[in-house]
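Close look at the chain arrangement
Here is what each chain is made of, one letter per residue.
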Amino acid sequence: MAETAPITQDVLDIRFPRRDGSRIPYAVFNSAEVYALEQERIFRGPTWSFLGLEAEIPEPGDYKRSYVGETPVVMTRAKDGELAAWVNRCSHRGAEICRKTRGNSVVHTCVYHQWSFSAKGDLQGVPFRRGQRDQTGMPPDFDVKDHGLRKLRVESYRGLVFGSFSETVAPLADYIGPQMRPYIDRIFNRPIEYLGCTRQFSNSNWKLYLENVKDPYHASLLHLFHTTFNILRVGMQATTTTDATGLHSALLVVKNAEDNAEGYKAQNIRTYQDGFRLEDSSVLDMVQEYEELSTNHIQPIFPQLVIQQIHNTLVARQIIAKAHDKFELVFHFFGYTDDTPQLRAMRIKQANLVGPAGYISMEDTEATELVQRGITGHGRAASIVDMSRHKPDETATMISEGLVRRFWEGYRQLMGFAAEETL
Amino acid sequence: MIIPLRWQLLELQDAYIAAIDDDRLEDWPRFFTDNALYEIIPKENEDLSLPAPILRCDNAAMMRDRVASLRHANIFEQPTYRHMISGLRVLEETGETAVMRTNYLVVNTSLEGSTSVYQAGIYKDVVVRTEAGWKFREKRVVYDTSRVQTLLAYPI
Ligand code: FES
Ligand SMILES: [Fe+2]
């Protein structure tokens, strides 16, 4: 992934004070120029961006609008069942073609001059192409085969659909990498059913959110739900892992193996005499579904996806960058097709924990916006990401910013930004 | 004096939105029966019969928990909501219960002093007559403003 050559003349003059990802110049969050360069080097560069779930478009002709960075794209399932994606821009004179969020059609017709395209993005029809009566049409050298839509490479990994503008990026499974695949495999271990999405809009930089999901340090400090209601979380074991680039990562929080789900539940509802307690703690119920009794599985696959399992809620979060200081989050909820009605109801109830109104998540966008406001006008200053920096091998802890550092070093290299420190 | 049903139901809605707008959240669960459903769900999901909500309480205890969490646990910029409601339609009515829908618009004013539309949508309500007056047995808040700005803390 580090195939981008460093910028020799660093026109943006972005310098990372260190080479270990522990000092982040705020300019990467509040510069429109950096944002523009990210579109080129990341979203149109050698990466795979998450577009949606196969379960959202199960039938031939199904489609959904999505994004790769700021570029609007449409992901489709063609007549033959194959997945495709194309830029939502007519090859004639640029009009947006697909005007609905979702739908089913094997033909996509631009309303402006009614050029029509197949679900795979091939140009099929041009009105008056051969003229009419004595009026001329398109020139003889006009060939529909040359004027399809801008197509993306599309691949699915276990039902997660990704698109890429890059001809050189490795196949998706290799891009995800051997460290990350087992984590995806554990969640996407059988057919899923799409349960709907919720959307959240934040006035902050998209990378602040990626930092947030790579930062277990904030979990018990910013999110006070468990602490306030005296919900005990003893015997939790954290594991953090990254891929070779540091851009993808996984955080798994597991309850000790000797305790089963019932024990976990019993412990959860134990409360102190004083303080607050939940009247109805069913929102924290949990059924063990995987080999490990994991309360949290948080896995960002750079740049646009975060896979989440919290208790029994399952979500594929899509991060869509909108401007240097704006991003949208789309929470795609899913369950398994073999869910019992009770388990399905539990997943829906636990939506209260996560998402834009979630008990243990609503503070995240609040925090990223606080950062965005705090750093305005201070592009030269840098953040401090030092927690457990002297113990890089300690991965079994929540009190670490190791994943954040690995991320920034991967980002710096991908963007071709200089580091002042020489090693 | 017999107060027409429509007037009674408008009074219920007005009292409900006043409790939220005046930041009397502790009063909010009292507008519901004990086993009431309160749900906020995007129209996008409702239209496709998909169940994912952003908030769902299936009894009044969960609503009280929500208030306790907002008051003592969660961190957010205190919203200043103003609810506007219009277009109340009674769809079914038996004397003891009524099914109705009402448009709502919520504007929010930030600490810095700018006001913006926070959410538009409809209330899909089932109300029942109790000794303490009309209460919601079901209030499903179906919002059009699918992009939730920053977060949703307070009920709608
Ligand atoms: S712009 Fe699409 S047909 Fe002309
Ligand atoms: Fe968080």
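I will try to describe carefully the structure that is included in this document. Small disclaimer: the values here were computed from a predicted structure and weren't measured. (Residues numbered from 1 in each chain as written. Chains lettered and ligands numbered in written order. Predicted model: local features only at pLDDT ≥ 70, side-chain atom pairs only at ≥ 80, totals over all residues. Heavy atoms only, no water.)

Turning our attention to the overall build of chain A. Helix and strand content of chain A: 11 helices and 21 strands. The C-alpha radius of gyration computed for chain A amounts to 24 Å, which stays within 12% of the reference 22 Å derived for 423 residues, consistent with globular compactness. Along the first, second and third principal axes, the C-alpha set of chain A runs to 90 × 60 × 35 Å. Taken across its 423 residues, chain A has 57% of its residues classed as buried. For chain A, the proportion of contacts with a sequence separation of at least 24, taken over those separated by at least 6, is 67%. Summed over all atoms, the accessible surface of chain A reaches about 17700 Å², with 50% contributed by carbon and sulfur. Taking the average location of the 48 positive side-chain charges in chain A and that of its 53 negative ones, the two points are 4 Å from each other. (Helix = DSSP H or I, 4+ residues; strand = E, 2+ residues; numbered from the N terminus. Rg over C-alpha atoms; globule rule 2.2 N^0.38 Å. Buried < 20%, exposed > 50% of the residue type's maximum accessible area, 1.4 Å probe, protein only. Contact = heavy atoms within 4.5 Å. Areas by Shrake-Rupley, 256 points an atom, 1.4 Å probe, with all protein chains shown as cover. Lys, Arg positive; Asp, Glu negative; His and termini not counted. Charge placed at Lys NZ, Arg CZ, Asp CG, Glu CD.)

Here we take up the packing of aromatic side chains. Under the counting rule described, the total for this entry stands at 28 aromatic pairs over all chains. Ring geometry for Tyr209(A) against Phe327(A): centres 5.7 Å apart, planes inclined by 45°, an arrangement best described as tilted. Linking Tyr209(A) in helix H5 (residues 206-213) with Phe327(A) in strand S19 (residues 326-336), this pair joins segments that are 118 residues apart in sequence. Residues Tyr209(A) and Phe327(A) agree in their burial class; the two are buried. Ring centres of Trp28(B) and Phe32(B) lie 5.9 Å apart, and the angle between their planes is 80°; on these two criteria the pair is classed as edge-to-face. Like Trp28(B), the residue Phe32(B) is buried in the burial classification. Put simply, the rings of Phe16(A), Phe29(A), Phe43(A), Trp206(A), Phe302(A), Phe407(A), Trp408(A), Tyr411(A) and Phe417(A) pair up and form one aromatic cluster. Cation over ring: Lys322(A) sits above Tyr67(A), and NZ or CZ is 3.5 Å from the ring centre. One residue, Lys139(B), lies across the ring of Tyr123(B), its end atom 3.7 Å from the ring centre. (Phe/Tyr/Trp six-rings, centres within 6.5 Å; stacked < 30°, edge-to-face > 60°. Lys NZ or Arg CZ within 6 Å of the ring centre and 35° of its normal.)

Let us now look at the coordination of the iron ion (ligand 2). Metal coordination angles in their ideal form are 109.5 degrees for the four-donor tetrahedron and 90 or 180 degrees for the six-donor octahedron. Residue and element names in this part refer to chain A. The protein atoms that coordinate the iron ion (ligand 2) are His218 (NE2), His223 (NE2), Asp364 (OD) and Asp364 (OD), at distances of 2.1 to 2.6 Å. In this structure, the iron ion (ligand 2) is surrounded by 4 donor atoms whose angles at the metal cover 55 to 145°, and the resulting shape is irregular. Between the donor residues of the iron ion (ligand 2), the gaps in sequence give the motif H-x4-H-x140-D. Placement of the pair is His223 in the loop between helix H6 (219-222) and helix H7 (225-228) and Asp364 in helix H10 (residues 362-374), with a sequence separation of 141 residues. A relative accessible area of 9% means that Asp364 is categorised as buried. (Donors = N, O, S within 2.8 Å, 3.2 Å for Na, K, Ca; no water. Tetrahedral: all angles 85-135°; square planar, octahedral: opposite > 155°, others 65-115°.)

Turning to the nonpolar core, a few remarks are in order. Grouped together as the largest cluster of nonpolar side chains are 100 residues, with contacts concentrated most on Leu160(A) and Tyr411(A). Per-element accounting of this core gives the leading share, 7 residues, to S19(A). Domain assignment of the residues forming this core places at least three in each of domain 1 (49-155) and domain 2 (178-419) of chain A. Counting 42 residues, the second-largest nonpolar core is a separate cluster that includes Ile17(B), Ala98(B), Tyr104(B) and Tyr118(B). (Core = buried A, V, L, I, M, F, W, Y, C linked by side-chain atoms within 4.5 Å. Domains from an automatic or database assignment.)

By secondary structure assignment, the location of Asn59(B) is in the loop between strand S2 (55-57) and helix H3 (60-72). Polar side-chain contacts of Asn59(B) include one of 3.0 Å to the backbone nitrogen of Ala61(B). (Polar contact = N/O pair within 3.5 Å; in protein donor to acceptor, adjacent residues only side chain to side chain.)

Frequently, the measure chosen for interface size is the accessible area that the parts lose on association. At the interface, 38 residues of chain A touch 36 residues of chain B. Taking both sides of the interface into account, the surface hidden between chain A and chain B amounts to around 3300 Å²; carbon and sulfur atoms contribute 54%. One can count 4 salt bridges joining chain A with chain B. Across the pair Glu44(B) and Arg199(A) runs a salt bridge, and its minimum N-O distance is 2.6 Å. Summed over the shared surface of chain A and chain B, the number is 24 residue pairs in polar contact (both at pLDDT 80 or more). Class assignment of the residues belonging to the side of chain A that touches chain B gives a composition of 17 nonpolar, 9 polar and 12 charged. Across 3 bridges, the pairing between strand S13 (residues 192-202) of chain A and strand S7 (residues 147-149) of chain B is parallel. Of the residues in S7(B), the one forming a bridge with Gln200(A) is Val148(B). (Buried area = accessible area lost by both parts, 1.4 Å probe. Salt bridge = Lys/Arg side-chain N within 4 Å of Asp/Glu carboxyl O. Nonpolar A, V, L, I, M, F, W, Y, C, P; charged D, E, K, R; others polar. Pairing = 2+ DSSP bridges.)

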